[in-house]
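# Summary of structural features
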Number of protein chains: 2
Amino acid sequence: MMETTGALYEAYKTKMQKIADVKYASAVLQWDQETYLPVKGGDFRGRQIATLSELAHESFTDEKFGALLQELVSKEDLLNTEKRNVELSLEDYKKSTKLPSAFVRQMSEAVNKSFHAWIEARKKNSFEIFREPLDAIIQLKRQEADLLGYEKHPYDAMMNDYDKGLTVSTVDELFANLRPQLLTLLSDIESKPQVDDLFLKQHFDKDKQWQFGMELLTKIHFDFEAGRQDLSEHPFTTNFNSKDVRLTTRIDENDFTNMTWSCLHEGGHGLYEQGLPEDEYGLPLGEYCSISIHESQSRLWENCVGRGKSFWQYNYPLLNTHFPKQFENISLDQFHKAINKVQPSLIRTEADELTYHFHVMIRYELEKKLVEGSLHAADIPSFWNEHYKKYLGVDVPDDKQGCLQDVHWSHGSFGYFATYSIGSLYAAQLYAAIEKSNPLLENEIQKGNNSNVLTWLRQHIHKYGRYYSSGELCRQATGELLNSQYFIDYATKKYSDIYRK
Amino acid sequence: MMETTGALYEAYKTKMQKIADVKYASAVLQWDQETYLPVKGGDFRGRQIATLSELAHESFTDEKFGALLQELVSKEDLLNTEKRNVELSLEDYKKSTKLPSAFVRQMSEAVNKSFHAWIEARKKNSFEIFREPLDAIIQLKRQEADLLGYEKHPYDAMMNDYDKGLTVSTVDELFANLRPQLLTLLSDIESKPQVDDLFLKQHFDKDKQWQFGMELLTKIHFDFEAGRQDLSEHPFTTNFNSKDVRLTTRIDENDFTNMTWSCLHEGGHGLYEQGLPEDEYGLPLGEYCSISIHESQSRLWENCVGRGKSFWQYNYPLLNTHFPKQFENISLDQFHKAINKVQPSLIRTEADELTYHFHVMIRYELEKKLVEGSLHAADIPSFWNEHYKKYLGVDVPDDKQGCLQDVHWSHGSFGYFATYSIGSLYAAQLYAAIEKSNPLLENEIQKGNNSNVLTWLRQHIHKYGRYYSSGELCRQATGELLNSQYFIDYATKKYSDIYRK
């Protein structure tokens, strides 16, 4: 019996949604692991997550499902969006079937080992403990690149996981263009008097910080009926569908900045997830476009909105009601300067908007060489320390504050870092488009009204899911492909206001 | 190639543990649903749980797995415990395969409907809203009994789900014996002056109650490194393995008793789960014996220990440090009497230890008739109200405080209630055995040392998992099968101390 396209598409959708159920269940288990899991529960939790991942992978790479996708993709009576879903699923299917399950298991075991070694290495502040397990990961990633295939550079296959189509040649060019402009900005700033941010490092009560963070999330329209926030050691965002998006934050009682901008950052990620089309649950069009675009959403809210003077014009008085003593005699102007202080430093996650890119560039250069095979794990500390001196002018005192600071490699995540910079660049470009579309924007934000920012993002970014690639999505939204000039203009304007003679 | 018994057992174990991973993942999703799920997340969560249940069921009822079990069960070189695991899994397999998946789906849809109808019916305080969906459930349960098979009474097939081998003839006899003795005790109590418990209904700060509940759980040795407690609307216990056991409680600011004894009750359940053998993860011997035995553990800690004077001899001063004003001028003796006040009432979950059994008996009689077909849903309110008058002497003012109070039927759980009474009877019998084994027991408890209670339970109950049936486990632990005289003796002693002229 010939099945109709409608029936085939229904079968495809049912299958995809069941796989999504399993994947999201696994995400719940992982979220719980980071928030509420009792210490002794770790081992069993590990195997539960592994079993669910295996089930989802087995189900998705089933040959019969591949055949269904092949049949469907040639149908001419699918809706545009349906066709796009099937195309993307077929691409994903082909990619997934390129990795033999023996390889997947080997990688997962190596990751398990290297993650624990990384924890240990950090504890003992010694890269040497991490070296061998990391070399094993690097070898496997090189194999993975070969299995997945690439045109020019094996690192392309890595970056493709986080932003489809991103290549070494694109990123090389992007960074080559960006770097001198950033250096110019930076040296200009360094010639001006430094701003004072000491008052941000006072004692800030934990509960009050939590309360303020929750208020900020409400102000940017994070929907607490379709999400929540909890505490965890490292802030993250995860979603189990657009109606259940979970953020975490951490609170440092001696530094008010950590919690505040991690809330806004994760909140930006969360708004994106809440805005993905609900009726595409489990299908590609119900998923985020790319990690770069995801990062653009977090950076836009964290920086373009959340470090802007207009935003604090409304929220600084609110902050003062929580901490009247701490901000006594500190003007809005002083506050705004302090939260935008530029200073080369050691830790990526604590870097300002400008020097942040150098942290990324160093990792990008290093990973490229590791994946090429021109550097090995043993070479990392010296490469790291030399480049921190060269790019940022700082001396790295030890591995913990140096090449052991990020979790990514221990997870086998190579090719991720570039998306942090690219996300920031997209953020500036998108924000410029929002400003252009709405001349009253800053005025609205000054009055505490951020809803038109969100509405624009919902309409131009969120609702499309994976329909477009990152670049095309940006073009549809802003009229042009990624253009780092928007970031340079944004930064020039911001810092010339903050750093004056 | 002939496979060795060892290899076959390994294959069996691997399969069972993967199924357990999926089931426990589903349990995490359900726990999260009751504790932290954002309101809009309910629909997607429902389908995620359904998918996991389906996966676990499909995997367990796979014919190849049945053949493996059949082959293994005849092997003579299995260890005793291995043999027992395989026997029990084969029994479970045979039972699971008796229900066609179309029937399982039909039931799950009917349950979904009836659960929502029950919520609605309670909101509107009208049984009529629940009647039709409940009738559908009853019809399906009758079909289920036929599919599962039974010797004498279809209700036997229902009770079997919660305590294997429990039959109408056993429970009829048990209750026929218990009822007149309870009535004698009750009428004796009613002839004495009533105790005063008004001081328990003052205002008790929520955070302080929480704190005290956590302290009590620590005192009974609940391991917070292998478990946690959270808040939920209805207290429950769930586990994802013996190293991750989760309790919930609720707090009523105007009634100190709710939180305290729900902590001890759920704590008792939790201690059982934490005591199940870790190396039998996913296998029958790693699971609880029966719901009756589970309830014996909660009741033992809640009542035999937790409403005893010795327990409060140590903990009442501690309670006083949290609520010095509320218990000013209240002696330990007054407190002990108040927390053991006997008074016929409308709500099962709030009933004292004595009248509790009448609540159960009414439900038991009613369910039996519904499953026989001699009563229908429409007959429930009148049957309920008549029997509450007859057994407990109380007038039921409305359905919400009457036949709509329990969630069980809406979940399709018929045959459950008897295990509540039976659990209490087991608790008294086990506690008598513990007392007999340790003449210093009360003395130890008075000094705040409850560890020998737990040690005895670990050795005589927890470590066996499902190795024995409820009755046989009780015989192994106490020297005889279930004997309700222990409960009568326990109650007689307790209440003759509390209710005096």
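These numbers were taken from a predicted model, which means no experiment stands behind them. Sequence order sets the numbering: in each chain, residues are counted from 1 along the sequence as written. As they are written, the chains are lettered A onward and the ligands numbered 1 onward, keeping that order. Thresholds applied to this predicted model are a pLDDT of at least 70 for local features of residues and 80 or more for the giving and counting of side-chain atom pairs; totals over whole chains, interfaces and linings are not thresholded and use all residues. For side-chain calculations, the full set of non-hydrogen atoms in the structure is used, while hydrogens and water are omitted.

## A short note on the overall build of chain A
Looking only at helices and strands, chain A features 20 helices and 3 strands. Just to be clear, the radius of gyration here is over C-alpha atoms, and the globule rule we use is 2.2 Å times residues to the power 0.38. Relative to a compact globule of 501 residues, whose C-alpha radius of gyration would be 23 Å, chain A shows 23 Å and is just as compact. If you line up chain A on its principal axes, its C-alpha atoms span 80 × 50 × 50 Å. Here the term buried applies to any residue with accessible area under 20% of the maximum for its type, exposed to any over 50%, and partly exposed to those in between, with areas from a 1.4 Å probe on protein chains only. A burial count over chain A gives 56% of its 501 residues as buried. Contact between two residues is taken to exist if any of their heavy atoms lie within 4.5 Å; hydrogens are not considered. Partitioning the contacts of chain A with sequence separation of at least 6, the portion at a separation of at least 24 is 73%. Residue exposure ignores everything except the shown protein chains as possible cover, and the areas themselves are Shrake-Rupley values with a 1.4 Å probe. For chain A, the computed accessible surface area is about 21,100 Å², with 49% contributed by carbon and sulfur atoms. Computed over 57 positive and 74 negative side-chain charges, the separation of the two mean positions in chain A equals 2 Å. The numbering of helices and of strands both runs from the N terminus, where a helix is a DSSP run of H or I of at least 4 residues and a strand a run of E of at least 2. Counting rule for charge: Lys and Arg are taken as positive, Asp and Glu as negative, and neither His nor the chain ends is counted. To locate a charge, the coordinates of NZ of Lys, CZ of Arg, CG of Asp or CD of Glu are taken.

## Side note on the packing of aromatic side chains
Note on aromatic contacts: the rings of Phe and Tyr and the six-membered ring of Trp form a pair at centre separations within 6.5 Å, being stacked when their planes are under 30 degrees apart, edge-to-face when over 60 apart, and tilted otherwise. Evaluation of the coordinates by the stated rule reveals 81 aromatic pairs over all chains. With centroids separated by 6.1 Å and ring planes inclined at 85°, the aromatic side chains of A:F127 and A:F130 adopt a geometry described as edge-to-face. Residue A:F130 is classed as buried on the basis of its relative accessible area of 1%. Each ring, one from B:Y316 and one from B:F327, has its centre 5.7 Å from the other, and the planes form 70°; the classification is edge-to-face. Taken together, the positions of B:Y316 in helix 12 (residues 309-322) and B:F327 in the loop between helix 12 and helix 13 (332-338) put the pair 11 residues apart, joining distant regions of the chain.

## A word on the sheet that holds strand 2 (residues 237-241) of chain B
All names here are of chain B. Two strands form a pair only when DSSP identifies at least two bridges running between them. Reading across the sheet, the 3 strands line up as 1-3-2 and stay open at both edges, with mixed pairing between neighbours. In the strand order of this sheet, the two ends are held by strand 1 (227-231) and strand 2, each with one partner. Here the strands of the sheet are splayed against their neighbours by 20° on average, with no regard to which way each runs. Judged from the 4 bridges that link them, strand 2 and strand 3 (residues 244-249) form a sheet pairing that is antiparallel. Within strand 3, the position partnered with T238 by the bridge is R246. Axes here mean lines fitted to C-alpha atoms, for a helix over just the part in contact, with angles spanning 0 to 180 degrees between N-to-C directions. Against the sheet, helix 9 (residues 206-219) makes contact with strand 1 and strand 3, and its axis sits at roughly 155° relative to strand 1, the strand it touches most.

## Some words on helix 11 (residues 291-305) of chain A
Residue and element names in this part refer to chain A. In a regular helix each residue adds 1.5 Å, so 15 residues correspond to 21 Å; helix 11 covers 20 Å between its end C-alpha atoms and thus fits that length. Along helix 11, the sharpest kink reaches roughly 35°, centred on R299. The element helix 11 is largely enclosed, with a buried count of 15 among its 15 residues. For a helix, the expected span equals 1.5 Å multiplied by the residue count minus one. Two axes define the bend at a residue: one fitted to the seven residues ending there, one fitted to the seven starting there, and the bend is the angle between them.

## Remarks on empty space enclosed by the protein
Residue and element names in this part refer to chain B. In this analysis a 1.4 Å probe is tested at points of a 1 Å grid over the protein atoms alone, and where it fits but cannot get out there is a cavity; an open set with protein on both sides within 12 Å along at least five of seven lines is a pocket; lining residues have an atom within 4 Å of a point. Grid points are joined across faces, edges and corners, and a volume is the space filled by probe spheres set on the points. Counted according to the given criterion, the structure contains 5 cavities of 30 Å³ or more. Along the walls of the largest cavity sit 15 residues, with N241, S242, P277, Y281 and G286 positioned nearest its centre. In this count, Pro and Cys sit with the nonpolar residues alongside Ala, Val, Leu, Ile, Met, Phe, Trp and Tyr, while Asp, Glu, Lys and Arg are called charged and the others, Gly among them, polar. Each residue belonging to the lining of the largest cavity can be placed in one class, and the counts come to 6 nonpolar, 5 polar and 4 charged.

## Some remarks on the sheet that holds strand 1 (residues 227-231) of chain A
Residues and elements named next belong to chain A. The 3 strands lie next to each other as 1-3-2, forming an open sheet whose pairing is mixed. Because the sheet does not close on itself, it has two edges, and the strands there are strand 1 and strand 2 (237-241). Adjacent strand axes in the sheet meet at a mean angle of 20° when their direction is disregarded.

## Thoughts on the relation of the copies chain A and chain B
Superposition of the copies was done by least squares, using only C-alpha atoms of residues whose pLDDT is at least 70 in both. With an RMSD of 0.0 Å, the operation that places chain A on chain B is a rotation of 180° combined with a shift of 0.0 Å along the axis. Both copies are brought into coincidence by an operation consistent with a two-fold rotation axis. No C-alpha of chain A lies nearer the rotation axis than that of A:A25, which sits 3.4 Å from it. Comparing interface residues between copies, 100% of those in chain A also lie at the interface in chain B; the contact surface is shared.

## Here we look at the interface of chain A and chain B
Taken together, the contact pairs 37 residues of chain A with 37 residues of chain B. Simply put, the buried area is the total loss of 1.4 Å probe accessible area from both parts when two parts are fitted together. Taken together, the two surfaces of chain A and chain B that pack against each other cover about 3,200 Å², and 59% of this comes from carbon and sulfur. Each salt bridge in this description consists of a side-chain nitrogen of Lys or Arg and a carboxyl oxygen of Asp or Glu lying within 4 Å of one another. Linking chain A with chain B are 10 salt bridges. Across the pair A:D244 and B:R45 runs a salt bridge whose closest N-O atoms are separated by 3.5 Å. Counting residues per element, the ones that place at least two in the side of chain A that touches chain B are helix 1 (5-35), helix 2 (42-60), strand 1, strand 2 and strand 3 (244-249) of chain A. A total of 10 residues in the side of chain A that touches chain B trace back to one element, the largest contributor, which is helix 1 of chain A. Its residues assigned to classes, the side of chain A that touches chain B comprises 17 nonpolar, 6 polar and 14 charged.

## Examining helix 2 (residues 42-60) of chain B
All names here are of chain B. The first and last C-alpha atoms of helix 2 sit 27 Å apart over 19 residues, in line with the 27 Å expected at 1.5 Å per residue. Every buried residue of helix 2 is accounted for by F44, R45, Q48, I49, T51, L52, A56 and F60. On an axial view of helix 2, the arc spanned by its buried residues comes to 160°, and they lie on one face. This arc describes the spread of directions from the helix axis toward the C-beta atoms.

## Focus on the pattern of salt bridges
Residues and elements named next belong to chain B. Throughout the structure, instances matching the rule amount to 68 salt bridges over all chains. Ionic pairing is found between E278 and K243, a salt bridge with its closest N-O pair at 3.5 Å. Of this pair, E278 sits in the loop between helix 10 (256-275) and helix 11 (291-305) while K243 sits in the loop between strand 2 and strand 3, and the two are 35 residues apart along the sequence. Of the residues examined, E278 reaches a relative accessible area of 40% and is grouped as partly exposed. For R348, the salt bridge goes to D406, with nearest N and O atoms at 2.8 Å. Note that R348 is positioned in the loop between helix 13 and helix 14 (356-372) and D406 in the loop between helix 15 (380-392) and helix 16 (418-437), a separation of 58 residues in sequence.

## Some details on unusual backbone geometry
A positive phi angle is found at A:N125, which is not glycine, with a value near 55°. Within the secondary structure, A:N125 sits in the loop between helix 5 (101-124) and helix 6 (128-148).

## Let's talk about the nonpolar core
Counting residues in each nonpolar core, the largest one holds 127 residues, and the members touching the most others are B:L300, B:W312, B:F327, B:F335 and B:L354. When sequence neighbours within four positions are dropped, the list of residues in contact with B:W312 reads B:F212, B:L216, B:T260, B:W261, B:G306, B:R307, B:P317, B:L319, B:L332, B:F335 and B:I339. Core analysis: the second largest hydrophobic core is formed by 126 residues, A:L178, A:L217, A:L264 and A:I488 among them. For our purposes a nonpolar core is just a set of buried Ala, Val, Leu, Ile, Met, Phe, Trp, Tyr and Cys residues, chained together by side-chain atoms within 4.5 Å.

## Let's talk about the environment of A:L174
All names here are of chain A. With respect to the element layout, L174 can be found in helix 8 (residues 168-190). Note on L174: relative accessible area 14%, which makes it buried. Taking C-alpha positions, L174 is 9.5 Å from L482, a pair spaced 308 residues apart along the chain. The contact partners of L174, leaving out residues within four places of it in the chain, are I422, L425, L482 and S484.

## Comments concerning the packing of helix 1 of chain A against helix 2 of chain A
Residues and elements named next belong to chain A. The geometry of helix 1 relative to helix 2 is characterised by a closest axis approach of 9 Å and an angle of 160° between their N-to-C directions. On the basis of their axis angle, the class for helix 1 and helix 2 is roughly antiparallel. The way helix 1 lies across helix 2 gives a crossing that is left-handed. Across from K15, M16, I19, V22, K23, A25, S26, L29, Q30, D32 and Q33 in helix 1, the residues of helix 2 making contact are G42, R45, Q48, I49, L52, S53, L55, A56, S59 and F60. Note that the term roughly parallel is reserved for angles under 35 degrees, roughly antiparallel for angles over 145, roughly perpendicular for angles of 65 to 115, and oblique for everything else. Handedness of a crossing follows from how the near helix is turned relative to the far one, being left-handed for an anticlockwise turn of less than a right angle and right-handed for a clockwise one.

## Comments concerning the side chain of A:D230
Residue and element names in this part refer to chain A. Turning to its location among the elements, D230 is positioned in strand 1. With relative accessibility at 2%, the residue D230 sits in the buried group. Between N or O atoms, a polar contact is any pair within 3.5 Å; within protein, one atom must be a potential hydrogen donor and the other a potential acceptor, and residues adjacent in sequence are included only when both atoms are from side chains. A polar atom in the side chain of D230 sits 2.7 Å from the side chain of R228.

## Things to note about the environment of B:G6
With respect to the helices and strands, the residue B:G6 is situated in helix 1 (residues 5-35). Distance in space between the C-alpha atoms of B:G6 and B:L78 is 8.1 Å, their sequence separation being 72 residues.

## Side note on the confidence of the model for chain A
Do not read the predicted coordinates in detail wherever pLDDT is low. A score between 0 and 100, pLDDT records how confident the predictor is in each residue. Overall, the prediction assigns chain A a mean pLDDT of 96, with 100% of residues at 70 or greater. With a pTM of 0.93, the predicted complex shows an ipTM of 0.92.

## Some remarks on the pairing of strand 1 of chain B
All names here are of chain B. In terms of burial, strand 1 is a largely internal element, 4 of the 5 residues being buried. As defined by bridge partners, strand 1 adjoins strand 3 across 5 bridges and the pair is classed as parallel. Residue pairing in the sheet places D230 in a bridge with T248 of strand 3.

## Comments concerning the packing of helix 16 (residues 418-437) of chain A against helix 18 (residues 451-460) of chain A
Residue and element names in this part refer to chain A. Following both chains from N to C, one finds helix 16 and helix 18 inclined at 115°, their axes separated by 10 Å at the closest point. The orientation of helix 16 relative to helix 18 falls into the category roughly perpendicular. Where helix 16 crosses over helix 18, the handedness of that crossing is right-handed. In this structure, helix 16 uses L430, A433, I434 and S437 to contact helix 18, whose residues at the interface are V453, W456 and L457. Classifying every residue of the contact of helix 16 with helix 18 by side-chain character gives 6 nonpolar, 1 polar and no charged.

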